[in-house]
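# Descriptive analysis of the structure
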Amino acid sequence: MSDWGEIYRSIGAQPVINAIGSVTMLGGSTSVPEVKDAMDKADSSYVPMMELEEKAGEQIARLTNVPAAYVTSGAGSALTLATAAFMAGDNDDFIEQLPNTDGMKNEILIQRKQHYWYDRCLELAGATLVTFGSESETTKQDFENAITDKTCAVHYYADEQRIDPMALSLEDTIDVAKKHNLYVLVDAAGQIYPTENIGKYVRMGADIQCVAAKYLGAPHSVGFALGTQEAIDKLALQSFVGYEGRRIRGLGRPQKVDRSEIVGCVVALERWMGLNHEERLTQAETMTQTIINKIKHISTIDVAMIDNILGVQPFGLTITPNSTADFTVDDIIERLKAGDPPIWTRKAFFAKEGEDYMEIHMFGLKPGEEKIVGDRIVEVL
Ligand SMILES: *Cc1c(COP(=O)(O)O)cnc(C)c1O
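Residues numbered from 1 in each chain as written. Predicted model: local features only at pLDDT ≥ 70, side-chain atom pairs only at ≥ 80, totals over all residues. Heavy atoms only, no water.

What follows is about the overall build of the protein. Of regular secondary structure, the protein possesses 15 helices and 13 strands. Here the C-alpha atoms of the protein give a radius of gyration of 22 Å, agreeing with the 21 Å that 2.2 N^0.38 yields for 381 residues. Seen along its three principal axes, the alpha-carbon backbone of the protein occupies a region of about 65 × 55 × 40 Å. The proportion of buried residues among the 381 residues of the protein is 53%. (Helix = DSSP H or I, 4+ residues; strand = E, 2+ residues; numbered from the N terminus. Rg over C-alpha atoms; globule rule 2.2 N^0.38 Å. Buried < 20%, exposed > 50% of the residue type's maximum accessible area, 1.4 Å probe, protein only.)

See the structure below:
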């Protein structure tokens, strides 16, 4: 631990303990040793990027049981490139014209209920987001009614942990979309466990499913698109590789990925698909229990283990100040941040109006840091 964070201190930045989870704001992810090693090896020679993307895509498609795949600069870029691909197709004039969409179908439909943080990535391609349904409910009829001659695709945010029974399901979304010849784009960035979810939405009929490799032990700057051969071929035309290799100026040029990141992404996915997930889950549960055991005697807070193994962050715990507390969650967060080293936490992301509780996740904790987090909570309370 002696040189922990030293490299950041040497340039004047303050390293922190990340008890929030996988958040881009704190660096997103740590590459696992196999990935770091593969990335190091990839660095020792050059390789034609078009060929590397093609071969990496083939490996990823094989691992996830879908027709085709493409490595991108995060799931965010996969969303942008997919949107561009749906609008411009394989028309090189259109590809060079985006984000100006004159002459193209440029409307992407999204349920009002699913309007979320990352739909900005779709607009970046020049698309116009059109919402359908209400805050409380979405029906097939709402979807049908929103389709115009400018509609190009429908976007769906897959969140298996919090399936909303009042939203239009992906099955119904695909059903209506196919009837009207619309593309279906799915943000499944965090749907990485159970592992069969990686590719599932494409097998259900979506054209492109976007996945964030930051959740899989790769650098947080990579991700990939899974899809039909047709959709992935069109997405490839939008990428920085197409820009340089084909000399067609697509909008993906600034969304570069390093060749070592592409290799790292494949190796991370390969490892993830073959990983002993029971062991991984047990470890997260044990770390969570360690923190709970340290803090459960504190009378001013209620502590509970989160009962979840789906997606990105298994287990973890919630802390809720109870009626005897003279502090709020914001106070706890501030006190943890003020210590040395700072521990970053945040208010529960899915807390409803009036609810005051925080979640602590194991994703960003190095082995042993769970003890520091538990002890520090005892100290500040
Ligand atoms: C993280 C995330 C993204 C963005 O992925 P990046 O790889 O960081 O670009 C998009 N959607 C969801 C649901 C995410 O969790």
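With respect to topology, 7 strands assemble into an open sheet ordered E2-E8-E7-E6-E5-E3-E4, the strand pairing being mixed. Whereas interior strands pair on both sides, the edge strands pair on one side only; in this sheet they are strand E2 (68-72) and strand E4 (128-132). Averaged over all pairs of adjacent strands, the angle between strand axes in this sheet comes to 25°, irrespective of strand direction. By the bridge criterion, 4 bridges tie strand E3 (residues 107-111) to strand E5 (residues 151-157) in an arrangement that is parallel. In the sheet register, Ile108 faces E5, and the bridge partner there is Ala153. Contacts between helix H8 (residues 170-179) and the sheet are confined to E3, E5 and strand E6 (183-187), with E6 contributing the most and set at about 155° to the helix. Docked against the sheet, helix H10 (residues 229-238) engages E2, E6, strand E7 (208-212) and strand E8 (223-227), running at close to 25° with respect to E2. (Pairing = 2+ DSSP bridges. Axes fitted to C-alpha atoms, helices over the stretch in contact; angles between N-to-C directions. Contact = heavy atoms within 4.5 Å.)

In the vicinity of the ligand, the contacting residues are Thr24, Gly74, Ala75, Gly76, Tyr118, Tyr157, Asp187, Ala189, Ala212, Lys214 and Tyr215. One of the backbone N or O atoms of Gly76 is found 2.7 Å from an oxygen atom in the ligand. (Near = heavy atom within 4 Å. Polar contact = N/O pair within 3.5 Å; in protein donor to acceptor, adjacent residues only side chain to side chain.)

Together, Asp326, Asp330, Asp331 and Glu334 line one region of the surface with negative charge. With respect to the helices, strands and loops of the structure, Asp326 is situated in the loop between strand E10 (317-321) and helix H14 (329-338). On the basis of relative accessible area, Asp326 is assigned to the exposed category, the value being 71%. (Patch = residues over 30% accessible without salt bridge, like charges linked within 9 Å, V, L, I, M, F, W, Y side chains within 5 Å. Areas by Shrake-Rupley, 256 points an atom, 1.4 Å probe, with all protein chains shown as cover. Salt bridge = Lys/Arg side-chain N within 4 Å of Asp/Glu carboxyl O. Lys, Arg positive; Asp, Glu negative; His and termini not counted. Charge placed at Lys NZ, Arg CZ, Asp CG, Glu CD.)

Turning our eyes to something else, we now look at the packing of helix H2 (residues 33-42) against helix H12 (residues 259-274). Two elements in contact, H2 and H12, have axes whose closest approach is 8 Å; the angle formed by their N-to-C orientations is 145°. In this structure, H2 meets H12 at a crossing whose hand is right-handed. In this structure, H2 uses Glu34, Val35, Ala38, Met39 and Ala42 to contact H12, whose residues at the interface are Arg259, Ser260, Glu261, Val263, Gly264, Val267, Ala268 and Arg271. Here the contact of H2 with H12 is built from residues that sort into 7 nonpolar, 2 polar and 4 charged. (Left-handed = near helix turned anticlockwise from the far one by under 90°. Nonpolar A, V, L, I, M, F, W, Y, C, P; charged D, E, K, R; others polar.)

Bringing the pairing of E7 into the picture now. For E7, the tally of buried residues reaches 5 of 5 residues, placing the bulk of the element in the interior. Of the two faces of E7, the one carrying Ile208, Cys210 and Ala212 and the one carrying Gln209 and Val211 are both buried. With 3 bridges connecting them, E6 and E7 associate as parallel partners. Paired with Leu185 across the bridge in E7 is Ile208. Both E7 and E8 contribute to a ladder of 5 bridges, which runs antiparallel. Residue Gln209 lies in a different strand from E8, and its bridge partner there is Leu226.

Inspection of every chain in the model, using the stated rule, returns 6 aromatic pairs. Relative to Tyr157, the ring of Tyr116 has its centre 4.5 Å away and its plane inclined at 20°; by these criteria the two rings are stacked. Note that Tyr116 is positioned in the loop between E3 and helix H6 (120-123) and Tyr157 in strand E5, a separation of 41 residues in sequence. According to the relative accessible area criterion, Tyr157 is partly exposed, its value standing at 28%. (Phe/Tyr/Trp six-rings, centres within 6.5 Å; stacked < 30°, edge-to-face > 60°.)

Spatially, E9-E10-E13-E12 is the arrangement adopted by the 4 strands of the open sheet, whose pairing is antiparallel. The open sheet has two free edges, formed respectively by strand E9 (301-305) and strand E12 (346-347), since each of these has just one partner strand. With respect to the sheet, helix H13 (residues 277-295) is in contact with E9, E10 and strand E13 (358-360), its orientation differing from that of E9 by roughly 160°.

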